[in-house]
Amino acid sequence: MDKILGNKKSIAVFVLPAFLIYGVFSLIPIFYNIYISLFQTDLMSPGKFVGLKNYLNLFKDSTFLTALRNNIFMVIGSLIAHLPLALIFGNILFQKIKGSHFFQTVFFLPSVICGVAVGLMWSFIYNSEFGLLNKLLEVLGFGNAQQAWLSNPRIALFCIIIVVMWQFVGYHMIIQIAAMKNIPSSLYEAAEIDGASRWIQFRSITFPLIKNILKVDAVLIITGSLKYYDLVAVMTGGGPNHATELMSTYMFYQGFRTLKYGYSAAIGVILLVLCICAVAVSNLIFKSDPVEF
């Protein structure tokens, strides 16, 4: 086995199938998308080379700028909603409390539900006529707070962020709990002997030792927030008046509704660049030294 692992040709043979699959389904489509973004085309007739015109037009497009702003707001909102809450719940359930595994399962379950199903369910909850939320407010005596949640441009995006939080906080919580379980228990035992409180243990042991995982988690949250499509498409379709329009929904609209595939591809390239920038920023923010136990 050591001879095989030390042989570069053997390693290449094992890696090649996975690399070919990745290249065919990821790298080639990315480069083709960049190529198409330089053309004005509907993919059914010869395209016209326009260079960077699609990109220049994007930043003159008020709808795209709205979608870009909404995406940035979605990223910030998701980070605020996911990372701290997942860390708090994860730290609580990491302690040896009764029913910890049950609650971990309950929190994680929404993340395995199809996004379309989640969107449909919450559309019914937010419905202004027969929705559960308005009915609950009425029962609790807050009838004045009832409204058409997804039809109000001022709060529609907040409503979607709440749904995203409900669906994925448990997913990120499980990632962080897994990181916490890799910390040697001897560190906590020594801290307890020294009289350290739960808060001091979290601040001095847990948080520093899971910082690398928090970086990975932040990258997943940011890139996921930039690529959201199904929830928005089902719940609002980007409305009302583009109040919940995201780059992914606008990209779909331009590509499959107006058949401006070059313009749509340019949106996809900008989305890719934003994801790369998000990963770079996350690496800088969560920069940490290697951890050795």
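A quick note: this is a predicted structure, and the numbers were derived from the prediction, not measured.

Section: the environment of L132
Along the chain, L132 turns up in helix α7 (residues 132-139). You can call L132 exposed: its relative accessible area is 57%. Expressed as a C-alpha distance, the spacing of L132 and P153, which sit 21 residues apart in the sequence, is 20 Å. Not counting residues within four places of it along the chain, the set of residues in contact with L132 comprises F124 and I125.

Details of the packing of aromatic side chains
For the structure shown, the criterion picks out 18 aromatic pairs. Their ring planes at 75 degrees and their centres at 5.4 Å tell us that F39 and F49 sit as a pair that is edge-to-face. Separated by ten residues along the polypeptide, F39 in strand β1 (residues 39-40) and F49 in strand β2 (residues 48-49) bring together distant segments of the chain. Taking the centre distance of 5.2 Å and the plane angle of 85 degrees together, the rings of F73 and F158 count as edge-to-face. With F73 in helix α4 (residues 62-94) and F158 in helix α8 (residues 156-181), this pair connects stretches of sequence that are 85 residues apart. Assessed through its relative accessible area of 45%, F158 is described here as partly exposed. Following the ring pairs from residue to residue traces out a cluster consisting of Y32, Y35, F39 and F49.

Some words on the packing of helix α6 (residues 115-126) against α8
It is at 11 Å that the axes of α6 and α8 come closest, and there the two elements cross at 130 degrees. Taken together, the axes of α6 and α8 are oblique relative to one another. Pair α6 / α8 crosses with right-handed handedness. Contact with α6, carried on its side by G115, V118, M121, W122 and Y126, involves C159, I162, V163, W166 and Q167 of α8 and no other residues of that element. Partitioned by chemical class, the residues of the contact of α6 with α8 number eight nonpolar, two polar and no charged.

Side note on the UniProt feature "transmembrane region" (unreviewed entry) in the protein chain
The UniProt record marks residues 12-35, 72-94, 106-126, 155-175 and 261-286 with the feature "transmembrane region" (unreviewed entry), using the residue numbering of this structure. The span residues 12-35 is 100% helical and 0% strand by assignment, and the distance between its end C-alpha atoms comes to 29 Å. With 71% helix and 0% strand, the stretch residues 106-126 has end C-alpha atoms that lie 22 Å from each other.

Reading the values: the criteria
Residues numbered from 1 in each chain as written. Predicted model: local features only at pLDDT ≥ 70, side-chain atom pairs only at ≥ 80, totals over all residues. Heavy atoms only, no water. Helix = DSSP H or I, 4+ residues; strand = E, 2+ residues; numbered from the N terminus. Buried < 20%, exposed > 50% of the residue type's maximum accessible area, 1.4 Å probe, protein only. Contact = heavy atoms within 4.5 Å. Phe/Tyr/Trp six-rings, centres within 6.5 Å; stacked < 30°, edge-to-face > 60°. Axes fitted to C-alpha atoms, helices over the stretch in contact; angles between N-to-C directions. Parallel < 35°, antiparallel > 145°, perpendicular 65-115°, else oblique. Left-handed = near helix turned anticlockwise from the far one by under 90°. Nonpolar A, V, L, I, M, F, W, Y, C, P; charged D, E, K, R; others polar. UniProt positions renumbered as here; feature names shortened; annotations may be inferred.

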